[in-house]
Structures are given as structure tokens and as C-alpha cells.
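The chain contents come next:
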Number of protein chains: 2
Amino acid sequence: MCDRPSEFELIARLFAPLAAAPGALGLTDDAAVLPARPGCDTVVTVDALVEGVHFLKDDPPDTIARKALRVNLSDLAAKGAEPAGYFLALSLPAHIGTDWLEEFARGLAEDQNRFSVSLMGGDTTSTPGPLTLAVTAVGYTPEGRMIRRAGAQPGDHVFVSGSIGDAGGGLAVLTQGAIETYPEAVRHLIDRYRLPTPRLELGRALRGIASAMLDVSDGLVADLGHIAEVSAVHVAIEAARIPRSDALRERAGDGTEAVLRAATAGDDYELAFTAASEVAVMESAAAAGIKVSRIGAVSHGQGIALLDANGGEIAVARAGFRHF
Amino acid sequence: MCDRPSEFELIARLFAPLAAAPGALGLTDDAAVLPARPGCDTVVTVDALVEGVHFLKDDPPDTIARKALRVNLSDLAAKGAEPAGYFLALSLPAHIGTDWLEEFARGLAEDQNRFSVSLMGGDTTSTPGPLTLAVTAVGYTPEGRMIRRAGAQPGDHVFVSGSIGDAGGGLAVLTQGAIETYPEAVRHLIDRYRLPTPRLELGRALRGIASAMLDVSDGLVADLGHIAEVSAVHVAIEAARIPRSDALRERAGDGTEAVLRAATAGDDYELAFTAASEVAVMESAAAAGIKVSRIGAVSHGQGIALLDANGGEIAVARAGFRHF
């Protein structure tokens, strides 16, 4: 099955220290044991990342590792779940060497500590194609209290955390030019693309407050469209209320086109959600130390609309789909 | 994130009927909820399959789907677990079309029914490389009773289910010539490569009987070497006792080289295990309706040895490593 045994032994050596949880069995078994937590539901999510699609070949290995882990932790955040562990399926092209793998493992170790999770198991294969990772993350919520996409109610407000469009701005820069020449604001955008921050504290703080929630991976408009669809409601977003960072505004300006790009770019991994009480949301946001902006409203009907300052609908051509 | 929305909508439509379990939330959410089972441990395993490495580009799509599912169910079988559900991360190259996806979903549906499992969630991405699948399978065992790789004791016998080397024989044929001309025996080998049978009933029947177990994916010698290593024992296999099918013997003969090829080929997905009581093992095998062969013995020491009829050690150059 494996044509590069020495490399796979190296991986075993590098990854074993990441598997501190007893249920991981030191990564020496076919499977892991998840400890049951009385009174808790187990929440499971899977995300795949492909070189050239979700990250770039020259991205630093530690940020690739950390991004793969973080996008999955972001899904747990969006469900109000507390992360526990993760599984890693790694398909490695032949050009990946020892230095790369050491940096990759170092990135995982750093974020494991930061987010209190542990590697539980996985699989390594070779591939004739691009580096491909699939992470399965596992977390817990109090029984029956997972925040779903379905649940938005007419009369709810619509909110989003942090700022939107940064990752798309960073990606646009990275696919255009050489990195040495970038000013600090642009580096901020690139960092936001390479290394999203899962809003775990905010997600947990919104249990019982958010009526529907997800993380922004496909683009704000597309993702709130998912909530509208599965909740069977209409969602209206006021374009002028979409929070954009100073760095992005400096780079892209404030024109309608720039706002539209931000609203349809993916990979921000902020939390977009609906809730009846703005006061409760803002208290949760303050407790979690994360900025949250009210950007729209839920009403009877169906579909998603992006509105200009006069309440007119801005045409949105692009919608993303990623999860099935 | 996605440049082929129509295809991803198709996948959503094709896969939704596969997600019958309530916790799958109709595949409309970021995550799934695993129902807790009082008195049970949750067992989780991940396997990745890559086109050109674990299956061939021209393999029928339904068998690719079923193999991806079955190799994971095989891991659950090896732990004595009862399967419950699975998650699928699918990275699709551009040449994959509607017909292919429909056949793929049909294959999943067929095996879901056969093995009583349900799609719980997943992720679909595009890839510039080969088709890549990562399946995460979830099952249950009575609390504390998962059969591990560590646990083999000096004095135990070594057993393997079914026959060994068929899948390797099938792969060798497929990479050599045109399929139309094959006699029935060769088609059997190809079927064994394309569509392994997870030994779920046998695995459950061996709870409390097998002291250590795994499924043969890297090759019999390499896999029993894993048991020897993590159990800190020596495992000796008698080459003449390795069960080989009539089809394989017809094709490859009975020479030492042919036996060695069978013992080091992967992908058979039979159960290899150790146990103190041959009687108890054979009763379990009869109950599960699966042939089991005693092929060796566990003793103090370390490492794995393949022995000829005179008790001399046969040199084994190739050892596989796949799991980390």
C-alpha cells in the first residue's frame, strides 16, 4: 500500500506526541475510542482541503495544518460546541519532505494547545496529485442544544462576527504578486486568508440565544442563503452594514463592487447567525471579546437579498456551495 | 469556493436520501449529532482512498463508493464494533460527471442497506488532482470492550479469516491487461480487490475471545507485525498455513514466491487476530459463517517471522505502513 515506508514512519513519530488523549491509543490502532459524556451530544464535522483550491502550494506548512484544523473547529464553533479532538486523513504528494512534515506537525501542536484539542487518529496515503487533507472534528454540546442552520424565525435580526471579505482580499493578493513588497494592511488580509480564527467562545456564548448559525466559508450571502433555505424564511442583508476591516477598505475602497466582493468571498470563518434579542447577542459578544454587527433581518418568505442604502436589491451573481 | 455549483447541487440531491438518520439533519447543517448510547463506547476510524493508489481510474463508480465504505467498516469489524454511520469527504476532479455520481450514490445506497449504516455528513470539494475520498466511520462497542491491536499474549494462537492474497492477485491482473478475456477464477480475484467484505459478524462474535485484532490492509505480515509491536510480543506465521483461495492458487501456483506475495499483498480486509482458545475462535467463526484458519503462534520476544515447513525464517523484504 505504501511506497515510502520511511516517510510514514516519520509521520508516526511526528504525530504520536499530538495524540495525548487516552482514546487515541497512541495512534497505534485502527480506530479511536470517544469517551461518552453524560448529558452531552457528540457533534461531528468534516472538511476537506485541497492544495490549489483551499490553500496555495507555497503556503507555509504550519499554516496549512492550522487552517485545516481551524476550519473544522469553526464548524464546531458555529454549532455552539466545545471541541474535543480531531482525525486527520492526509494524502501526500511525492515532493513533501521531512522539513515540510516537521513544520506541519509543529503547526498542529501549536493549535492543539491553543484550542485544547487532541489528535485522535487518521490515515496517511500517498497521492499522485495535490496535497489533500480531510479533518474530522469532534465536539460536545449540552444534550439537545446544538445550534442548527434551521431555526431562524421571522422577526429575528441577522448578525455576523468580526469583519467580512478579508480572506478573499488576501487570496486575491496572493494570486497576483510577490509577497515581499506588501504593506502591513495587506499582510493582515493574507493572514486572515491563511489562518482563520474559529469563534469558539462566541459560539458557546450564543447557546440559547442564536436561533440559527453557521460559519462563513462559502461567502456571507451564500451562507445566509443556506440559513434562509433550511429555515424556510427570507433573509435581508443591508450591504452598508456588512463589517469590513480598515485593511480591506484601504485596499479595495468602499464602492458597491468592493462591498459585493466582500459579501460573496469565502473563507472568513466568522459566525453568521440570527437571534431575536440584539441585547442578548451584544452581551454574549462582549463576554467573548468579539465584535458582532447587526446586518439584517429575517422575515416571512424565502431567499436571500442584499439591499443598498435605498432598500433596493443588489444583484448577486455568484453563490457558493460546499457542504452537502 | 466552488466553481461547479450545479454539480454540487446534484450531489446534495443524490446524497440527501442516503442520510436517513435523524442526527444527519438531512445533510443541511455544518455538523451531525451522534446519538449517545448508554453503556457503549463510540469507535471512530478514518481511511482515505486515492485514485491510482487504492483504486483504478476505470473501476466502476459504484464499486469505488462501496470499497471506500467497506474498508472503513472493516476497521470497525476489527474492533468488534457495530457500525452506525459514516461521513464522506469527496474531492472531485473535473472529469467526474452526472452519470458517474449517480452510480457512485447508487453504490453507497446498496451497501448502506447491506450493512445498516447511514450517511451522516461530509464535504465536497473540487480538485485539480485525482479523485480522493476520506471516509470517517462511526460504530459502537459495549463499554470498555473494543478489541485493540495491543493485547496479544505469549501462548496465544494467531488466526486469519477467509483467504489471503486474492486482492493483490486481482490488482496485479488489472494493472497488466484487458479485462474481457479473464476466466472466472481471475474475475474472482478482481472482485476481491474491488469489493472487500468487512467481517462485521465475525468481529462482534470475537469480543472477549480475540486478545488483539486488526484487518489486513497493508499485508498479512506487515499487519501482524503491527500487533507484535504494540503488544510487545513475537508473532510467528507458518507460511504453509496461510489460507489462499483456489482461484489464487490456480493463477499463482504454490511456490514460495507466490506464498510470499500473498503474505505481503494488501487490501484483503480479512481479520487477523490472536486468541488463547482455538475452540472458542472456531465456534465464533462457525456462528458467523466465516472460515477461520490458525496460522501461527505468539511468544515472548518481539517482531514478526514467516516460517517455512522446516521452521526456518523466510526473508520478507517488503513491509507496509499506512495508518499512523
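See the structure above.
Residues numbered from 1 in each chain as written. Chains lettered and ligands numbered in written order. Predicted model: local features only at pLDDT ≥ 70, side-chain atom pairs only at ≥ 80, totals over all residues. Heavy atoms only, no water.

So, about the overall build of chain A. Per the secondary structure count, chain A includes 10 helices and 12 strands. The C-alpha atoms of chain A give a radius of gyration of 20 Å, which matches the 20 Å a tight globule of 324 residues would have. Dimensions along the principal axes, computed over C-alpha positions, put chain A at roughly 65 × 55 × 30 Å. The 324 residues of chain A split such that 62% are buried. Nonlocal contacts in chain A, meaning residues at least 24 apart in sequence, comprise 86% of its contacts between residues at least 6 apart. As displayed, chain A has an accessible area near 11700 Å², and 50% of this comes from carbon and sulfur atoms. For chain A, the distance from the average site of its 28 positive side-chain charges to the average site of its 42 negative ones is 3 Å. (Helix = DSSP H or I, 4+ residues; strand = E, 2+ residues; numbered from the N terminus. Rg over C-alpha atoms; globule rule 2.2 N^0.38 Å. Buried < 20%, exposed > 50% of the residue type's maximum accessible area, 1.4 Å probe, protein only. Contact = heavy atoms within 4.5 Å. Areas by Shrake-Rupley, 256 points an atom, 1.4 Å probe, with all protein chains shown as cover. Lys, Arg positive; Asp, Glu negative; His and termini not counted. Charge placed at Lys NZ, Arg CZ, Asp CG, Glu CD.)

A separate point is the relation of the copies chain A and chain B. By a simple turn and slide, chain A fits onto chain B: the slide is 0.0 Å along the axis, the RMSD is 0.0 Å, and the turn is 180°. Such a combination of turn and shift is consistent with a two-fold rotation axis. Within chain A, the C-alpha atom positioned nearest to the axis of rotation is that of Gly129(A), 2.2 Å from it. Taken as a fraction of all interface residues of chain A, those also at the interface in chain B reach 100%, which identifies the copy contact as same-surface. (Least-squares fit on C-alpha atoms with pLDDT ≥ 70 in both.)

Here we have 5 strands laid out as an open sheet, ordered 1(A)-2(B)-5(B)-3(B)-4(B), and mixed in their pairing. The open sheet has two edge strands, strand 1 (32–34) of chain A together with strand 4 (118–126) of chain B, and neither has a second partner. Pairwise comparison of adjacent strand axes, ignoring direction, gives a mean angle of 20° for this sheet. The sheet contact formed by strand 3 (residues 82–92) of chain B and strand 5 (residues 132–142) of chain B spans 9 bridges and is antiparallel. Note that in strand 5 of chain B the partner of Leu90(B) across the bridge is Leu133(B). Helix-sheet contacts for helix 2 (residues 61–78) of chain B involve strand 2 (40–50), strand 3 and strand 5 of chain B, and the interaxial angle to strand 2 of chain B is about 140°. Contacts from helix 3 (residues 98–115) of chain B reach strand 3, strand 4 and strand 5 of chain B within the one sheet, and its direction differs from that of strand 3 of chain B by about 170°. (Pairing = 2+ DSSP bridges. Axes fitted to C-alpha atoms, helices over the stretch in contact; angles between N-to-C directions.)

Should their charged atoms come close, side chains of opposite charge can pair. The final tally for this structure, using the stated rule, is 40 salt bridges over all chains. Two residues, Arg66(A) and Glu110(A), come together in a salt bridge whose shortest N-O distance is 3.4 Å. In this pair, Arg66(A) sits in helix 2 (residues 61–78) while Glu110(A) sits in helix 3 (residues 98–115), placing the two residues 44 residues apart along the sequence. Note on Arg66(A): relative accessible area 8%, which makes it buried. Glu110(A) sits in the partly exposed class, given a relative accessible area of 32%. Across the salt bridge formed by Asp30(B) and Lys79(A), the nearest N and O atoms sit 2.9 Å from each other. With Asp30(B) in the loop between helix 1 (5–15) and strand 1 (32–34) and Lys79(A) in the loop between helix 2 and strand 3 (82–92), this residue pair bridges two chains. The burial state of Asp30(B) is the same as that of Lys79(A); both residues are buried. (Salt bridge = Lys/Arg side-chain N within 4 Å of Asp/Glu carboxyl O.)

A separate point is the sheet that holds strand 4 (residues 118–126) of chain A. Read from one edge to the other, the open sheet built from 5 strands follows the order 4(A)-3(A)-5(A)-2(A)-1(B), with strand pairing classed as mixed. Of all strands in the sheet, those with a lone pairing partner are strand 4 of chain A together with strand 1 of chain B, marking the two edges. Taking each pair of neighbouring strands and ignoring which way they run, the sheet shows an average axis angle of 20°. Pairing geometry for strand 2 (residues 40–50) of chain A and strand 1 of chain B, over 3 bridges, is antiparallel. Among the inter-strand pairings, Val44(A) is bridged to a residue of strand 1 of chain B, identified as Ala32(B). Against the sheet, helix 2 of chain A engages strand 2, strand 3 and strand 5 (132–142) of chain A, with an angle of about 140° to strand 2 of chain A. Sitting on the sheet, helix 3 of chain A touches strand 3, strand 4 and strand 5 of chain A, and the angle it makes with strand 3 of chain A is about 170°.

We now examine the packing of helix 2 of chain A against helix 3 of chain A. Residue and element names in this part refer to chain A. Relative to each other, helix 2 and helix 3 sit at 40°, their axes nearing to 6 Å. By the criterion of interaxial angle, the relationship of helix 2 to helix 3 is oblique. Judged by the twist between their axes, the crossing of helix 2 over helix 3 is right-handed. Across the interface between the two elements, Pro61, Asp62, Ile64, Ala65, Arg66, Leu69, Arg70 and Leu73 from helix 2 touch Trp100, Glu103, Phe104, Arg106, Gly107, Leu108, Glu110, Asp111, Gln112, Arg114 and Phe115 from helix 3. Of the residues contributing to the contact of helix 2 with helix 3, the split by class is 9 nonpolar, 2 polar and 8 charged. (Parallel < 35°, antiparallel > 145°, perpendicular 65-115°, else oblique. Left-handed = near helix turned anticlockwise from the far one by under 90°. Nonpolar A, V, L, I, M, F, W, Y, C, P; charged D, E, K, R; others polar.)

Read these as spatial facts, not as claims about activity.
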